[in-house]
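# Secondary and tertiary structure notes
Now for the letters of each chain:
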Amino acid sequence: MISRGERLANYAILMAFAAFALFPILTILTAAFGPSDSGPTSGFGNFAAAWEIGRFGTYLRTSLLVSAFVVVVSVLLSIMSGYAFGTMRFRGQSVLFYLFLLGIMMPSEAIAVPLYFDLRTLGLIDTFWAVAMPQVALSVAFGTFWMRAYFRSSSRAIVEAARIDGASVWRILWQVLVPPARPAIVTLTVLVFMWTWNEFLIPLIMVTSESLRTAPLGLAFFQGQHTSGFTLLAAGSVIVATPVVIFYLFLQRHFIRGLLQGAVRE
């Protein structure tokens, strides 16, 4: 039994950490809704001004397209590769899996320059694919590790029963293993979406056209134009962060369930 004093101490520590984490967010929100330091606007007028001046409509559309493509392709490929590594035995399995692990350990900063020259040779620089495909590769590396661990911990009896009943490999995957794996898949979806949305280095290096700038990259350029206008910069920051917050809040129950179920348990 935990004593009342220990419980109060735990609550006090948690509240202190929560206040420490929420203070920067409240500061940004207060500045975003406060009176503008570069004009007569205030409140939601700051967001309208930042939206128009910063062209965040274009940047958000690009980020949504890139994030949707990366999430769909990465999650599908991760499910299939994780299923192969988690339930099958084939030649070179260990070597291939270590190559996927190398993709997790290799930071994007280490491959950005050679990747730029490779994509330039292929004529893909300053295109949608130059932004999306590298992030698919980075996300599939982690997604394969994530889904492999889940499929390795799934019930072998169910898989064997499906095989005895004559189910094909694809049917076992999509009709037997995927439905119970929904929390793990949703958790992977949320993580990939957040990583893709917040990615800054790859879009910065791979594109020069303003129409292909993602939201974080557009916010950086907007910051360079309004170094003295903190109110509009705060409003722009809120605009860029809002889609991620909404996406997480919409799927938070499944996200937390996937973590609690031990999706990465071997």
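Structural data are supplied above this passage.
Below is a summary of the structure that appears in this document. In this text, all values refer to a predicted model and were calculated from it rather than measured experimentally.

This part covers the environment of alanine 234. Within the secondary structure, alanine 234 sits in helix 12 (residues 230-260). For alanine 234, a relative accessible area of 1% corresponds to the buried category. Separated by 112 residues in the primary sequence, alanine 234 and leucine 122 place their C-alpha atoms 39 Å from one another. Apart from residues lying up to four places away in sequence, alanine 234 is in contact with Ile28, Ala31 and Ala32.

Our focus in this paragraph is the side chain of serine 74. Structurally, the position occupied by serine 74 is in helix 3 (residues 56-87). Exposure remark for serine 74: the relative accessible area of 1% places this residue in the buried category. At 2.6 Å, the side chain of serine 74 forms a polar contact with the backbone oxygen of valine 70.

It is at 7 Å that the axes of helix 1 (residues 4-33) and helix 2 (residues 44-54) come closest, and there the two elements cross at 85°. Taken together, the axis directions place helix 1 and helix 2 in an arrangement best described as roughly perpendicular. Taken together, the residues of helix 2 that come into contact with helix 1 (itself represented by Ala31, Ala32 and Phe33) are Phe44, Asn46 and Phe47. Along the lines of polarity and charge, the residues of the contact of helix 1 with helix 2 split into five nonpolar, one polar and no charged.

Moving on, we get to unusual backbone geometry. The residue arginine 55 is not glycine, and still its phi comes out positive at about 55°. Relative to the assigned elements, arginine 55 resides in the loop between helix 2 and helix 3. The partly exposed category is assigned to arginine 55, whose relative accessible area is 42%.

Turning to the packing of aromatic side chains, a few remarks are in order. For any two aromatic rings, the description comes down to two numbers: the centre-to-centre distance and the angle of the planes. Taken as a whole, this structure holds 16 aromatic pairs when the rule is applied. Geometrically, the ring pair formed by tyrosine 116 and phenylalanine 117 is edge-to-face, given 5.6 Å between the ring centres and 80° between the ring planes. Of note, arginine 148 hangs over the ring of phenylalanine 97, and the distance from its end group to the ring centre comes to 4.0 Å. Just above the ring of phenylalanine 221 sits the side chain of arginine 213; from NZ or CZ to the centre is 3.7 Å.

Counting residues in each nonpolar core, the largest one holds 60 residues, and the members touching the most others are Phe56, Ile79, Met147 and Phe151. The residues contacting isoleucine 79, other than those within four sequence positions of it, are Met147, Phe151, Leu173, Trp174, Val178 and Ile185.

Quick notes on the rules
In every chain, residue numbers begin from 1 and rise along the written sequence. pLDDT decides what is reported in this predicted model: residues at 70 or higher carry local features, side-chain atom pairs at 80 or more are listed and counted, and totals for whole chains, interfaces and linings draw on all residues regardless. With hydrogens and water excluded, all non-hydrogen atoms of the structure serve as input to the side-chain values. Where helices and strands are cited, they refer to DSSP runs of H or I of at least four residues and of E of at least two residues respectively, numbered from the N terminus. Exposure classes here rest on a 1.4 Å probe applied to the protein chains alone. A residue is buried below 20% of its type maximum, exposed above 50%, and partly exposed in between. Pairs of residues are marked as contacts when any of their non-hydrogen atoms sit within 4.5 Å. Distance and chemistry together define a polar contact, namely a pair of N or O atoms within 3.5 Å, with one atom able to donate a hydrogen and the other to accept it when in protein, and with adjacent residues in sequence counting only for side-chain atoms on both sides. To get an axis, fit a line to the C-alpha atoms, keeping to the stretch in contact for a helix; angles then go from 0 to 180 degrees between the N-to-C directions. For classification, angles of less than 35 degrees are called roughly parallel, those exceeding 145 degrees roughly antiparallel, those between 65 and 115 degrees roughly perpendicular, and all remaining angles oblique. Side-chain classes follow a simple rule in which Ala, Val, Leu, Ile, Met, Phe, Trp, Tyr, Cys and Pro form the nonpolar group, Asp, Glu, Lys and Arg form the charged group, and the remainder, Gly included, forms the polar group. Here a Phe, Tyr or Trp ring, Trp counted by its six-membered ring, pairs with any other such ring whose centre lies within 6.5 Å, and the pair is stacked when the planes are under 30 degrees apart, edge-to-face when over 60, and tilted otherwise. Whether a charge sits over a ring depends on NZ of Lys or CZ of Arg being within 6 Å of the ring centre and within 35 degrees of the ring normal. The nonpolar core is taken to be a set of buried Ala, Val, Leu, Ile, Met, Phe, Trp, Tyr and Cys residues, with the residues joined through side-chain atoms within 4.5 Å.

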